[in-house]
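# Coordinate inspection notes
Residues per chain are reported as follows:
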Amino acid sequence: MVGMERPEQDRKVISARDMGLVCCRRCTGIWPAETQRCGRCGKKLVVRDWHSLQRVWALLLVGLMCYIPANLYPMLRTRTLFSVQQDTIIGGAISFIEYGSYFVAAVILVASVVIPLAKFLAIGFLAISVTRPSSVSAHQRQLLYEVVEYIGRWSMIDIFVVAIMSSLVQLNTLVAVQPGIASLFFALSVIFTMLAAQAFDSRLIWDAGVTRERAQSDE
C-alpha cells in the first residue's frame with residue numbers, strides 16, 4: 001500500500017494495485033502488475049491471495065487444538081533420586097511463586113499464556129475484520145498484524161529453555177530434567193500460529209476499507 005497522506009488524516013489511500021503494481025510477499029520487491037514471478041527471489045506474484053483466509057482459519061484452528069494439550073500435559077519432568085515431579089506450564093509458574101521467584105513466574109505466564117492467547121485473538125480478529133465492518137482503522141489493524149508477525153519469532157523461548165535445562169541437568173541417577181509431552185504440543189502450536197500469521201494477506205485489510213469508502217461515497 002502507498003499512503004499519500006499521514007495516517008491520522010482522513011484522506012484517500014491509493015493502493016499499489018490502483019497504480020498498476022504488485023508486491024512480492026517474500027522479499028517485498030515491487031513489480032508491474034503483469035509480472036508473473038519476482039525478478040529478485042523467483043516467487044510467484046499475485047495481486048491478492050483470495051484463499052488466504054481459508055488457510056488462516058485452518059492453521060489457527062490446528063494451533064489452538066495443539067495449545068490445549070500443551071497446557072494440560074507436563075511441560076517439564078524432573079527426576080531425582082527419590083521422586084519424580086512433573087509440572088505443567090501453570091503448575092511451574094505456581095511453583096516459582098511459592099519459591100519467591102515472582103519475576104520468573106511472571107515471565108512464564110506472559111510468554112506461555114498471555115502472548116499465545118493474544119496471538120490467537122489478534123489473528124482471529126484480523127481475519128474477521130476483512131469480511132465484516134470494523135471500528136478499528138486499517139492503519140491500526142496493519143500495525144496489529146506487524147506486531148503479531150514480529151513477536152512470532154520469539155515464541156519459542158519456552159522450548160529453548162526446556163531444551164537447555166534438559167541438556168545441562170543430567171546427573172545420572174541423582175537428578176535429571178527431561179522435556180514433557182506438552183513441549184511438543186506447545187512447539188506445534190507456535191509453529192501453526194506463525195504459519196497462520198504468514199498466510200494472512202494483509203492487503204485484504206486495505207481492500208475492505210476501500211470497498212466501504214466507495215460504498216459510502218455512492219450513497
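Criteria and cut-off values
Residues numbered from 1 in each chain as written. Predicted model: local features only at pLDDT ≥ 70, side-chain atom pairs only at ≥ 80, totals over all residues. Heavy atoms only, no water. Helix = DSSP H or I, 4+ residues; strand = E, 2+ residues; numbered from the N terminus. Buried < 20%, exposed > 50% of the residue type's maximum accessible area, 1.4 Å probe, protein only. Areas by Shrake-Rupley, 256 points an atom, 1.4 Å probe, with all protein chains shown as cover. Patch = residues over 30% accessible without salt bridge, like charges linked within 9 Å, V, L, I, M, F, W, Y side chains within 5 Å. Salt bridge = Lys/Arg side-chain N within 4 Å of Asp/Glu carboxyl O. Polar contact = N/O pair within 3.5 Å; in protein donor to acceptor, adjacent residues only side chain to side chain. Contact = heavy atoms within 4.5 Å. Pairing = 2+ DSSP bridges. Core = buried A, V, L, I, M, F, W, Y, C linked by side-chain atoms within 4.5 Å. Phe/Tyr/Trp six-rings, centres within 6.5 Å; stacked < 30°, edge-to-face > 60°.

Quick look at the overall build of the protein chain now. Looking only at helices and strands, the protein chain has seven helices and five strands in total. Sequence-ordered secondary structure for the protein chain, helices as α and strands as β, is β-β-α-β-β-α-α-α-α-β-α-α. Counting the 219 residues in the protein chain, one finds 36% classified as buried. Just so you have it, the protein chain exposes about 13,500 Å², and 64% of that area is on carbon and sulfur atoms.

Another point: a nonpolar patch on the surface. Together, L64, I68, L72, Y73, I181, L184, L188, I191 and L195 line one region of the surface with nonpolar side chains, adding up to about 800 Å² of accessible area. Those elements giving two or more residues to the nonpolar patch turn out to be α1 (52-72) and α6 (181-199). When residues in the nonpolar patch are grouped by element, the largest group, five residues, is from α6. Tracing the sequence through the fold places L188 in helix α6.

Okay, the side chain of N71 next. Tracing the backbone through its elements, the reader meets N71 in helix α1. At 2.9 Å, the side chain of N71 and the backbone oxygen of Y67 are in polar contact. Ignoring anything within four residues of it in the chain, the contact list for N71 reads T88, I89 and V113.

Sheet analysis places strand β3 (residues 76-80) next to strand β4 (residues 84-87), joined by four bridges and oriented antiparallel. Following the sheet pairing, L76 is matched in β4 by D87. The loop that links β3 with its antiparallel partner β4 comprises three residues.

One recurring pattern in soluble globular proteins is that nonpolar side chains are buried together. The biggest cluster of nonpolar side chains holds 34 residues, and the ones touching the most others in it are I123, F186, F200 and I205. For this core, the element with the most residues is helix α3 (residues 102-129), which contributes eight residues. If you look at the next biggest cluster of nonpolar residues, it comprises five residues, including V22, C24, C27 and L45.

Another point: the packing of aromatic side chains. In this structure the tally under the stated criterion is three aromatic pairs. Measuring from centroid to centroid gives 6.2 Å for Y73 and F185, while their planes differ by 15°, and the two rings are stacked. Remark: F185 occurs in helix α6 and Y73 occurs in the loop between α1 and β3; sequence separation between them is 112 residues. The class for Y73 is partly exposed, based on a relative accessible area of 43%. Of the residues examined, F185 reaches a relative accessible area of 23% and is grouped as partly exposed.

Below, the discussion takes up the environment of Y67. As for its position among the elements, Y67 is in helix α1. The class for Y67 is buried, based on a relative accessible area of 6%. In this structure, Y67 is in contact with S112, V113, P116, L117, F120, F186 and S189, ignoring residues within four places of it in sequence.

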